[in-house]
Amino acid sequence: MSNHRKVAIFWDYKNCSPPLHSQGHAIVDGIRRIVPVFIDVTSFKAYLDISSQSPKSVGSAGKTSWT
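Predicted model only: the values in this text are computed from it and were never measured.

1. Comments concerning a nonpolar patch on the surface
Next up, step 1: A contiguous nonpolar patch, built from Ile34, Val37 and Phe38 and spanning about 340 Å² of accessible area, is present on the exposed surface.
Next up, step 2: Looking at the secondary structure, you find Ile34 in helix α1 (residues 24-34).

Dropping the structure here:
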């Protein structure tokens, strides 16, 4: 059993957007790779208005779930 604290991550994409040429799925993949070293993530959700985002910037972030 892990001694890490359990947390849920909720990403407000509109108010904390990535740099212009970054891809959402690349950021999510990086977080998923690094974060478990420090904490146990029970849920990872990104909230955004897809209609206002270009498909390239959103990528597969909307399909990624940690639950």
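2. Brief notes about the confidence of the model for the protein chain
Next up, step 1: Here the protein chain shows a mean pLDDT of 76. Residues at 70 or above account for 73%.
Next up, step 2: The low-confidence segment residues 60-65, where pLDDT is below 50, has 10 contacts with residues more than four positions distant or belonging to other chains.

3. Topic: the pairing of strand β2 (residues 40-47)
Next up, step 1: The pairing of strand β1 (residues 6-12) with β2 spans seven bridges and is classified as parallel. Bridging across to β2, Ala8 finds its partner in Ser43.
Next up, step 2: Following the backbone out of β1, through α1 and into the adjacent parallel β2, one traces a crossover that is right-handed.

4. So, α1
Next up, step 1: For α1, the full list of buried residues reads Gly24, Val28 and Gly30. One side of α1 holds all its buried residues, which, seen down the axis, span an arc of 160 degrees. In α1, the exposed positions that point more than 90 degrees away from the buried face belong to Arg33 and Ile34.

5. Considerations on the nonpolar core
Next up, step 1: Formed by Trp11, Tyr13, Val28, Val35, Val41 and Phe44, the largest nonpolar core amounts to six residues.
Next up, step 2: Dropping the residues within four chain positions of it, Val35 is found in contact with Ile9 and Val41.

6. Brief notes about the packing of aromatic side chains
Next up, step 1: In this structure the tally under the stated criterion is two aromatic pairs.
Next up, step 2: Plain terms: the ring middles of Trp11 and Tyr13 are 5.2 Å apart, the flat faces sit at 45 degrees to each other, and that makes the pair tilted.
Next up, step 3: In this structure Trp11 comes out as buried when scored by relative accessible area, which is 11%.
Next up, step 4: Exposure remark for Tyr13: the relative accessible area of 5% places this residue in the buried category.

Rules of the game
Residues numbered from 1 in each chain as written. Predicted model: local features only at pLDDT ≥ 70, side-chain atom pairs only at ≥ 80, totals over all residues. Heavy atoms only, no water. Patch = residues over 30% accessible without salt bridge, like charges linked within 9 Å, V, L, I, M, F, W, Y side chains within 5 Å. Areas by Shrake-Rupley, 256 points an atom, 1.4 Å probe, with all protein chains shown as cover. Salt bridge = Lys/Arg side-chain N within 4 Å of Asp/Glu carboxyl O. Helix = DSSP H or I, 4+ residues; strand = E, 2+ residues; numbered from the N terminus. pLDDT = per-residue confidence, 0-100. Contact = heavy atoms within 4.5 Å. Pairing = 2+ DSSP bridges. Right-handed = clockwise from strand over helix to strand, strands pointing away. Buried < 20%, exposed > 50% of the residue type's maximum accessible area, 1.4 Å probe, protein only. Arc of directions from axis to C-beta. Core = buried A, V, L, I, M, F, W, Y, C linked by side-chain atoms within 4.5 Å. Phe/Tyr/Trp six-rings, centres within 6.5 Å; stacked < 30°, edge-to-face > 60°.

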